[in-house]
Structure formats: C-alpha cells, structure tokens
Amino acid sequence: MNIYPKLITDALATVRYPGTGRNIVESEMVADNIRIDGLNVSFSLIFEKSTDPFQKSVMKAAEAAIHAYVSNEIVVSIVAESRQAARPEPGKMLPQVSNVIAVSSGKGGVGKSTIAVNLAIALAQLGYKVGLLDADIFGPSVPKMFQVEDARPYAETVEGRDLIVPIEKYGVKLLSIGFFVDPDQATLWRGGMASNALKQLIGDAKWGDLDYFILDTPPGTSDIHLTLVQTLAITGAVIVSTPQEVALIDARKGINMYTNDKVNVPILGLVENMAWFTPAELPDNKYYLFGKEGVKRLAADMNVPLLGQIPVVQSICEGGDNGVPVALQPCTITGKAFLDLAESIVTQTEKRNRELPPTQIVGLKKQ
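So, here is what we can say about the structure in this document. (Residues numbered from 1 in each chain as written. Predicted model: local features only at pLDDT ≥ 70, side-chain atom pairs only at ≥ 80, totals over all residues. Heavy atoms only, no water.)

**Some points on the overall build of the protein chain**
When you go through the protein chain residue by residue, the secondary structure sums to ten helices and 13 strands. Considering the protein chain as a whole, with its 367 residues, one finds that 48% of them fall into the buried category. The long-range fraction of contacts in the protein chain, counting pairs at least 24 apart against all pairs at least 6 apart in sequence, stands at 74%. Surface accessibility of the protein chain: about 18400 Å² in total, with carbon and sulfur atoms responsible for 50%. With 34 positive and 40 negative side-chain charges, the protein chain shows a separation of 5 Å between the mean positions of the two kinds. (Helix = DSSP H or I, 4+ residues; strand = E, 2+ residues; numbered from the N terminus. Buried < 20%, exposed > 50% of the residue type's maximum accessible area, 1.4 Å probe, protein only. Contact = heavy atoms within 4.5 Å. Areas by Shrake-Rupley, 256 points an atom, 1.4 Å probe, with all protein chains shown as cover. Lys, Arg positive; Asp, Glu negative; His and termini not counted. Charge placed at Lys NZ, Arg CZ, Asp CG, Glu CD.)

**Let's talk about unusual backbone geometry**
In this structure, glutamate 28 takes a positive phi of about 60° despite not being glycine. Considering the arrangement of structural elements, one finds glutamate 28 in the loop between α1 (5-12) and β1 (35-37). We note that asparagine 303 has phi near 60°; this positive angle belongs to a residue other than glycine. Note that asparagine 303 resides in the loop between α8 (294-302) and β13 (306-312).

**Focus: the environment of glutamine 200**
Tracing the backbone through its elements, the reader meets glutamine 200 in helix α5 (residues 191-203). With 113 residues separating them in the primary sequence, glutamine 200 and arginine 87 have C-alpha atoms 8.8 Å apart. Not counting chain neighbours up to four residues away, the residues in contact with glutamine 200 comprise Lys49, Arg87, Ile164 and Ala205.

**Concerning the packing of α1 against helix α2 (residues 55-69)**
Taken N-terminus to C-terminus, the directions of α1 and α2 make an angle of 120°; their axes are 8 Å apart at the nearest point. The pairing of α1 with α2 is recorded here as oblique in orientation. The two elements α1 and α2 cross, and the hand of that crossing is right-handed. Listed contacts from α2 to Ile8, Ala11 and Leu12 of α1 are Ala62, Ala65, Ile66 and Tyr69. Per-class residue counts for the contact of α1 with α2 are seven nonpolar, no polar and no charged. (Axes fitted to C-alpha atoms, helices over the stretch in contact; angles between N-to-C directions. Parallel < 35°, antiparallel > 145°, perpendicular 65-115°, else oblique. Left-handed = near helix turned anticlockwise from the far one by under 90°. Nonpolar A, V, L, I, M, F, W, Y, C, P; charged D, E, K, R; others polar.)

**Observations regarding the sheet that holds strand β2 (residues 40-47)**
Spatially, three strands are ordered β1-β2-β3 in an open sheet, and the strand pairing comes out mixed. The sheet terminates laterally at β1 and β3 (75-82), the two strands that pair on one side only. Mean inter-strand twist for the sheet, computed between neighbouring axes without regard to direction, equals 20°. Its contacts with the sheet put α2 on β2 and β3, and the angle it makes with β3 is roughly 150°. (Pairing = 2+ DSSP bridges.)

**Overview of the pairing of β2**
Taken across its eight residues, β2 has six buried, putting it largely inside the fold. Between the parallel pair β2 and β3, the chain is carried across by α2, and the sense of this crossover is right-handed. (Right-handed = clockwise from strand over helix to strand, strands pointing away.)

**Topic: the pattern of salt bridges**
Summed over all chains, the structure comprises eleven salt bridges. Where lysine 206 meets glutamate 156, a salt bridge forms, and the shortest distance between an N and an O atom there is 2.5 Å. Of this pair, lysine 206 sits in the loop between α5 and β10 (210-216) while glutamate 156 is found in strand β6 (residues 155-158), placing the two residues 50 residues apart along the sequence. The exposure class of lysine 206 is partly exposed, given its relative accessible area of 35%. In this structure glutamate 156 comes out as partly exposed when scored by relative accessible area, which is 28%. Across the salt bridge formed by lysine 253 and aspartate 250, the nearest N and O atoms sit 3.8 Å from each other. With lysine 253 and aspartate 250 both in helix α7 (residues 245-259), this residue pair falls three residues apart, about one helical turn. (Salt bridge = Lys/Arg side-chain N within 4 Å of Asp/Glu carboxyl O.)

**What about the sheet that holds β10?**
Strand pairing in a sheet takes place through backbone hydrogen bonds and is either antiparallel or parallel in direction. Spatial ordering of the open sheet is given by β8-β9-β5-β10-β4-β11-β12-β13, a layout of eight strands whose pairing is mixed. Of all the strands in the sheet, the pair left with one neighbour each is β8 (167-169) and β13. Put simply, the sheet's adjacent strands are angled 25° from each other on average, direction ignored. The pairing of strand β4 (residues 97-104) with strand β11 (residues 236-241) spans four bridges and is classified as parallel. Paired with valine 103 across the two strands is valine 238, which belongs to β11. Contacting β4, β5 (130-134), β9 (172-176), β10, β11, β12 (267-277) and β13, helix α3 (residues 112-125) crosses the sheet at an angle of about 170° to β10. Across the sheet, α7 is in contact with β4, β11 and β12; its angle to β11 comes to roughly 170°.

**Some thoughts on the nonpolar core**
Ranked by internal contacts, the top residues of the largest apolar core, which has 83 residues, are Leu132, Leu133, Phe146, Phe213, Ile214, Leu215 and Ile234. Counting residues per element, this core draws most heavily on α3, at nine residues. Among residues more than four places away in sequence, those in contact with leucine 215 are Val100, Ile101, Ala102, Val103, Leu133, Leu228, Leu232 and Ile234. (Core = buried A, V, L, I, M, F, W, Y, C linked by side-chain atoms within 4.5 Å.)

**Here we look at the side chain of lysine 112**
Residue placement: lysine 112 occurs in helix α3. Here lysine 112 is in contact with Val103, Ser104, Ser105, Asp136, Asp216, Thr217, Pro218, Pro219 and Val240, once residues within four sequence places are set aside.

**Regarding the packing of aromatic side chains**
Per the counting criterion, the structure on display carries five aromatic pairs. Ring geometry for tryptophan 207 and phenylalanine 213: centres 4.7 Å apart, planes at 65°, overall edge-to-face. Across this residue pair, the class does not change: tryptophan 207 and phenylalanine 213 are buried. Here the guanidinium or amino end of lysine 286 rests over the ring plane of tryptophan 276, the centre of that ring lying 4.0 Å away. (Phe/Tyr/Trp six-rings, centres within 6.5 Å; stacked < 30°, edge-to-face > 60°. Lys NZ or Arg CZ within 6 Å of the ring centre and 35° of its normal.)

Shape descriptors only; they carry no functional weight alone.
Shown next, in the form of structure tokens:
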C-alpha cells in the first residue's frame, strides 16, 4: 500500500478542534513535518498552549481518523507542540522576585486584606519594588481597596508567552481574580478550578523585578494555601489577628499550618490588628474594644516577633472603601503604624534570609 502525505492530511481534515469547530488542517494545527516510513506515520499537532484542555482528545481523534480513512494497519506517532512557551515549573515561576511574603489569618474578619494592602503600599513608599497578589479567590477585595474595580488587565507577548500585565497603582503591581469575574456574582468554583486560576495569576503574569511579592491569602486553611506552598517558595508568613481570644485560637492554627514539617515556612511575626480604638477627637485615648495585647502575649508564647499593633481608626475603613488606603498618609497615627510595620517586616525578612536556608516548595505526593 502506498501512503503519501495528502492521504494523511485529507484524513486529518475530518477532525475538528472542539474549541472552534474548525478542522485541524484549516486551523493550521498540523505541522509541516509529516514523515512516512512504510506503515509508520509521524507528525506534530500544534496547540496554542501546552495546557490545552482538548489536547489528548484531539490527538486520539487524529489517530482514529488515519486508521479509519487510510489504513488500520498504520502505526501513528503524534507529538504535541505549543505555539506558546510552557509556564515555568513550580518553584521557578518568579525568578526576579527576591522575597515572597504570605499575609495570612486563622479566621475571617480580622482585617487581613487591609493589612496586606497597606503593607504593600508602605513598602513601596520605603522605595521597594512591590507586587500584590489577591489570592483570596472566593472573596477578592483588593480591586475595591485600590479603586481599580473597572480595570481589565491585558496580555503582552514575552519570549513566546502571553503574559497578563498587572495593574499598577500607588507604586504597587497588583492582580486579582476580581478583575476577571463579575463582582456582583458569587464565584462558584471547585477547588481545582480555583487553584488553576491562582497558578495563572502567578506564573502567567508579567511581575518582573520585585523586592517583595505580597500574597493576600484567604482566611483559614484551604486548597488555596496548599496550592501556594506547592507553587512558590514562600520566604515567610505574617499572621494577622485581633486581640480576641477566639481569634487567637485560630491564629495558632495559622501558625501551625506554615511551621509544620511538611510546609516549613518561617513565621516572620504577628500583627495585632484592631489593637485599640482611638477617637479622632481624643487622639491620646486608647479604648481596648477586643481585649488588650492578646497578640503580643501570643507572640511571646510562640517565640515569634510582634511586628506591629494597628489601632482602629475610622480613616482605615473609609480609606479601604474609597480606594485610598491609609498608608498613603504616613503623617497620621495609622499611616505611621503601617510604615513602622513595613520596616519591621523588612528587618525580619533580612534576618530570616541571613540565618535560614531558602524555603523549598512542598512536593506533590505521587498517587
């Protein structure tokens, strides 16, 4: 039996790519490298991305078409290629980032995102190159706090890869799933979908050269945290809590999540948020609404630094709602508190890097 390239391409023209409905020949997915050696046929199929969800099914359909329309005796070898360069493997996604800092909390409602946002801005004001990733996939709040809810990041081709360009404001590069979903609709995703979206925001984005990459993580412990430690070598974690006893219980769990033997991410320290209330008209008065210095005591018990105590001031809430974070006002009591917090984190990060080896990503268990 004589086999020639047109027989192969005619057979492949019967295979349609599910994403467009067009056949793979007119879609220019069949590479110009068809080789025929007796009954052995080999060629490549070109997909836009290495993670194309239809890759395996299209390759099987191509093999079946050749068997059906040419000969069932043909031995078919197909190689999948990608027009876009593959995403770097976990642990190597951010080669230009010096420090990855996870801002975390054991429970919701303690102001973790407020801390993350103002910390990022304060670090930028100190002259550092800063990125902020809103990793709270199910409750993204960073776009509102930066007043960039209507922003829509665009893609830029860099070395054969289409990369998302982060939004820049107040000297901070930022990305959030909130830029890509309807803010009025609940984000109903299974864990795998959320994790894949997070990996895209990390590995398929043009973060560039950064001194600090801040992760605003979801409250508690979840698949998202596992994805982060399996994807990034996190330099250290900052745990946020209020002084309340119920919050401190969860803060201990948050500390354990990072320090257990399997994860082994150093704790840079604790932040006591809502440490006290100071009325604007009585700036020297302190009212301990949620208990006094509970996080300070926890830091001492756990032998980790207390990085800062942030008071409750009306301007913090107003700043977050209006998209003008209070860290932009370093002359105010709270603005100075965030500037001091940023300086403490820089000190602890430098100390951690001097005294401890680099963090290793958590390996995936083989099934």
